[in-house]
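Residues per chain, in single letters:
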Amino acid sequence: GITEAGEKRILGLRQGATENAQVCKELLEALRERGVATNVPTLLVLDGAKALRAAVASVWGDKALVQRCQIHKKRNVKDHLAEQHWPELSRRLAEAYGETDYERALALLKKTAAWLAGINPDAAASLREGMEETLTVVRLGVHADLRKTLDNTNVMESAFSVVEQVTGRVKRWRHGDMRWRWCVAGLLHAEQHFRRVDGYRHIPVLVKALERTRSTAEIDGMEKAT
């Protein structure tokens, strides 16, 4: 989690054999029970995993504003392409993701998908999947400095790398509780060295943008009711 002051916080974890919707849902429900508000518009940055996306929809409902990681999206599309097409893909995505206008950014991505369709339909489908959610920070008008933090999951990846270093010292895993405790130790160790995220001064503006989405939704709901 990221506070309004730009400080990163480890909120929780769950152990599972693999990532699945039930494990993810239990994690998010536990956060709600511990006080994380899920009844207000919230920006959630996800890596594209379907299980996590389903869990977010279940717990936050229509209050979830999902930002799909642009780095993961680019990587997934590249996996479908020959290396010779990577520079052009990178150029096109950088242009779209660098836009400040949501409609223009979306139009550029659609144009890129059409270009990909002539090379590899699977690459085009990969880009189109969740396309709008890769532009949520653009739609919210997030400042460019803060967008660099929130348009990808790197803000959390550094903590995972520390966990890998800490757990890598274990030579023999004995039971599940041991795994859990070592992962917690790694995350807490990482948290001690967290710095405020880049662009944190612009978070209050983002908070206001999120509040406006709630006001707009409430007005729309009243209009539908009448």
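Q: I keep staring at the environment of Y200 and nothing clicks. Help me out?
A: Relative to the helices and strands, Y200 is located in the loop between α10 (176-192) and α11 (203-225). Sequence-distant contacts of Y200, defined by excluding residues within four places in its chain, comprise E4, A5, G6 and L146.

Q: Sorry if this is basic, but what is going on with the packing of helix α3 (residues 70-78) against helix α6 (residues 121-128) here?
A: Between two packed helices, the angle of one axis relative to the other and the distance separating the axes together describe the packing. Running from amino to carboxyl end, α3 crosses α6 at an angle of 165°, the nearest separation of the two axes being 8 Å. As the angle between them shows, α3 and α6 are arranged roughly antiparallel. The handedness of the crossing between α3 and α6 is right-handed. Along the contact surface, α3 presents K73, N76 and V77, while α6 presents A123, S126 and L127.

Q: Where do I start with helix α9 (residues 154-167) in this structure?
A: Spacing of three or four residues puts side chains on the same side of an α-helix, whose turn is 3.6 residues. Counted at 1.5 Å a residue, the expected span for α9 with its 14 residues is 20 Å, and the 20 Å between its end C-alpha atoms agrees. Inspection of α9 places A159, V162, V163, V166 and T167 among the buried residues, and these make up the whole buried set. On an axial view of α9, the arc spanned by its buried residues comes to 130°, and they lie on one face. Across α9 from its buried face, at more than 90 degrees, point the exposed residues E164 and Q165. At its buried positions, α9 is contacted by α10.

Q: Explain the pattern of salt bridges to me, please; I cannot follow it from the model alone.
A: Any two side chains of opposite charge can pair, given that their charged atoms come close. Per the counting criterion, the structure on display carries 11 salt bridges. The shortest N-O distance in the salt bridge between E133 and R53 comes to 2.8 Å. Residue E133 is found in the loop between α6 and α7 (136-139), and its partner R53 is found in helix α2 (residues 50-60); the two are separated by 80 residues along the sequence. Using a relative accessible area of 28% as the deciding quantity, one classes R53 as partly exposed. The residue E88 makes a salt bridge to R91 at a minimum N-O spacing of 2.8 Å. Placement of both E88 and R91 in helix α4 (residues 86-97) is noted, with a separation of three residues, approximately one turn of the helix. Where salt bridges share partners, they join E88, R91, R92 and E95 into one cluster.

Q: Help me out: how do you make sense of the packing of aromatic side chains in this one?
A: Think of a pair of aromatic rings as described by two things: how far the centres are apart, and how the planes are tilted against each other in angle. The tally for this structure, following the rule as stated, stands at zero aromatic pairs. When the ring centre of F194 is taken as reference, the NZ or CZ atom of K8 above it lies at 4.2 Å. Of note, K78 hangs over the ring of W86, and the distance from its end group to the ring centre comes to 4.3 Å.

Q: Sorry, what's going on with the side chain of R92 here?
A: By the element assignment, R92 lies in helix α4. The buried category is assigned to R92, whose relative accessible area is 15%. The contact partners of R92, leaving out residues within four places of it in the chain, are K111, T112 and W115.

Parameters at a glance
Residues numbered from 1 in each chain as written. Predicted model: local features only at pLDDT ≥ 70, side-chain atom pairs only at ≥ 80, totals over all residues. Heavy atoms only, no water. Helix = DSSP H or I, 4+ residues; strand = E, 2+ residues; numbered from the N terminus. Contact = heavy atoms within 4.5 Å. Axes fitted to C-alpha atoms, helices over the stretch in contact; angles between N-to-C directions. Parallel < 35°, antiparallel > 145°, perpendicular 65-115°, else oblique. Left-handed = near helix turned anticlockwise from the far one by under 90°. Expected span 1.5 Å × (residues − 1). Buried < 20%, exposed > 50% of the residue type's maximum accessible area, 1.4 Å probe, protein only. Arc of directions from axis to C-beta. Salt bridge = Lys/Arg side-chain N within 4 Å of Asp/Glu carboxyl O. Phe/Tyr/Trp six-rings, centres within 6.5 Å; stacked < 30°, edge-to-face > 60°. Lys NZ or Arg CZ within 6 Å of the ring centre and 35° of its normal.

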